[in-house]
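A look at the structure
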Amino acid sequence: MTRTFYYWDAVSLEHDTGAHVECIERSERLRPEKMRKLVPELDARPIEVHNARDWILKLHLPDYHDFVEKTCENGGGLLDHGDTVTSPRSYDAALASVNAALTAADAVMTGEADHAVSVLRPPGHHALPDCAMGFCLFGNVAILARYLQERHGLSKIAIVDWDVHHGNGTQHFFYSDPDVFFVSLHQYPLWPGTGRSHERGEGPGEGATLNLPIAPFTTETDFLSKFETVVLPAVTDFRPEFLIVSAGYDAHRDDPLAQLQLTEDGFIKMTQWLKGVAGDVCDGRLISCLEGGYNLDALQNSVAAHTRTLMTS
Ligand SMILES: [Zn+2]
């Protein structure tokens, strides 16, 4: 069995978005005590890194960071585009989301863990340098990539985003960066409307962004075929030193926000493949961070399937 650490923290339960799809109940379902019914060997770990603010400021503008902090101090409310709800503790929850990813990075880089799964909320892949967007406050996986480079001396990082929405925020941060390979599979057309196949990066980063728009109602077989024949060779050829998964589960057939047709088996297959690529090119180093996934049963079962697959030798 490979060592896969699982990160969850009760502060996610205080990111109270009320009657919103990106809700507290998502965190409740992913609580280790509940997940152990599905993954008995689950290895839940505490968050140990606590300087998220410094790392957030490497990618986000100080004014934006301060705006989020102040909005929450003042009781919360809607941010920027109006689809991102905050409560008084949302800023702390957002710091914890980043800290969990950084803690996971340390665990994998020191060899304590082979893989790690972070399921804290809020998610991050839509957040932009100067604004919140799509239920995301700070770009968790983008910050994680920078942390791996600057703290752990890595150079080449690959980020695979299988959330059903285009990871526009992550793409933005690395669009002209040749060292961070960003791959997104997403339903298209669908909000946020970016992620067409001709978006391939720019300048020195040209070719280091790969977008795979997928039509609504595409079958699981066709989706997985694209993953196997396009994503896997591209990631392998890039030869990253670390693999990050922006793991949303809203491409599940039961999800209310989109029309793709994945099942738990699809998430298992993608996890097996990426784990294989990580084993081939970067000593198995792989971390996934939760993004979307709004059918609670599908979310819980898919996260369990993904985690179990990483744990299996
Ligand atoms: Zn999504």
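Calculation criteria
- Residues numbered from 1 in each chain as written.
- Predicted model: local features only at pLDDT ≥ 70, side-chain atom pairs only at ≥ 80, totals over all residues.
- Heavy atoms only, no water.
- Donors = N, O, S within 2.8 Å, 3.2 Å for Na, K, Ca; no water.
- Tetrahedral: all angles 85-135°; square planar, octahedral: opposite > 155°, others 65-115°.
- Buried < 20%, exposed > 50% of the residue type's maximum accessible area, 1.4 Å probe, protein only.
- Axes fitted to C-alpha atoms, helices over the stretch in contact; angles between N-to-C directions.
- Helix = DSSP H or I, 4+ residues; strand = E, 2+ residues; numbered from the N terminus.
- Left-handed = near helix turned anticlockwise from the far one by under 90°.
- Contact = heavy atoms within 4.5 Å.
- Nonpolar A, V, L, I, M, F, W, Y, C, P; charged D, E, K, R; others polar.
- pLDDT = per-residue confidence, 0-100.

1. Here we look at the coordination of the zinc ion
Donor atoms from the polypeptide that coordinate the zinc ion comprise Asp163 (OD), Asp163 (OD), His165 (ND1) and Asp250 (OD), at 2.0 to 2.7 Å from the metal. Coordination geometry of the zinc ion: the four donor atoms subtend angles of 53 to 155° at the metal centre, consistent with an arrangement described as irregular. Asp250 sits in the buried class, given a relative accessible area of 0%.

2. Some remarks on the packing of helix 5 (residues 90–109) against helix 6 (residues 140–150)
Across the interface, helix 5 lies against helix 6 with an axial gap of 9 Å and an inter-helix angle of 35°. Two packed elements cross with a definite hand, and for helix 5 against helix 6 that hand is right-handed. Between helix 5 and helix 6, the residues in contact are Ser97, Val98, Ala101, Leu102, Ala105, Asp106 and Met109 and Asn140, Ile143, Leu144, Tyr147 and Leu148, respectively. In terms of residue class, the contact of helix 5 with helix 6 is built from nine nonpolar, two polar and one charged.

3. Digging into the confidence of the model for the protein
Of the residues in the protein, 100% reach a pLDDT of 70 or more, and the chain-wide mean stands at 97. No element of the protein has a lower mean pLDDT than strand 3 (residues 77–79), at 92, and none a higher one than strand 6 (residues 157–161), at 99.

4. Details of the environment of Glu28
For Glu28, the location among the structural elements is in helix 1 (residues 24–29). Note on Glu28: relative accessible area 18%, which makes it buried. Glu28 sits 268 residues away from Leu296 along the chain, and the two C-alpha atoms are 9.7 Å apart. Beyond its immediate stretch of four places on either side in the chain, Glu28 contacts Leu13 and Lys34.

5. Comments concerning unusual backbone geometry
Arg121 connects to Pro122 through a cis peptide bond whose omega is 0°. Of note, the phi angle at Phe135 is positive, near 70°, even though the residue is not glycine. You can see Phe135 is positioned in the loop between strand 5 (115–118) and helix 6. Despite not being glycine, Asp283 shows a phi value in the positive range, around 55°. Tracing the sequence through the fold places Asp283 in the loop between helix 9 (264–281) and strand 10 (286–290). In this structure Asp283 comes out as exposed when scored by relative accessible area, which is 67%.

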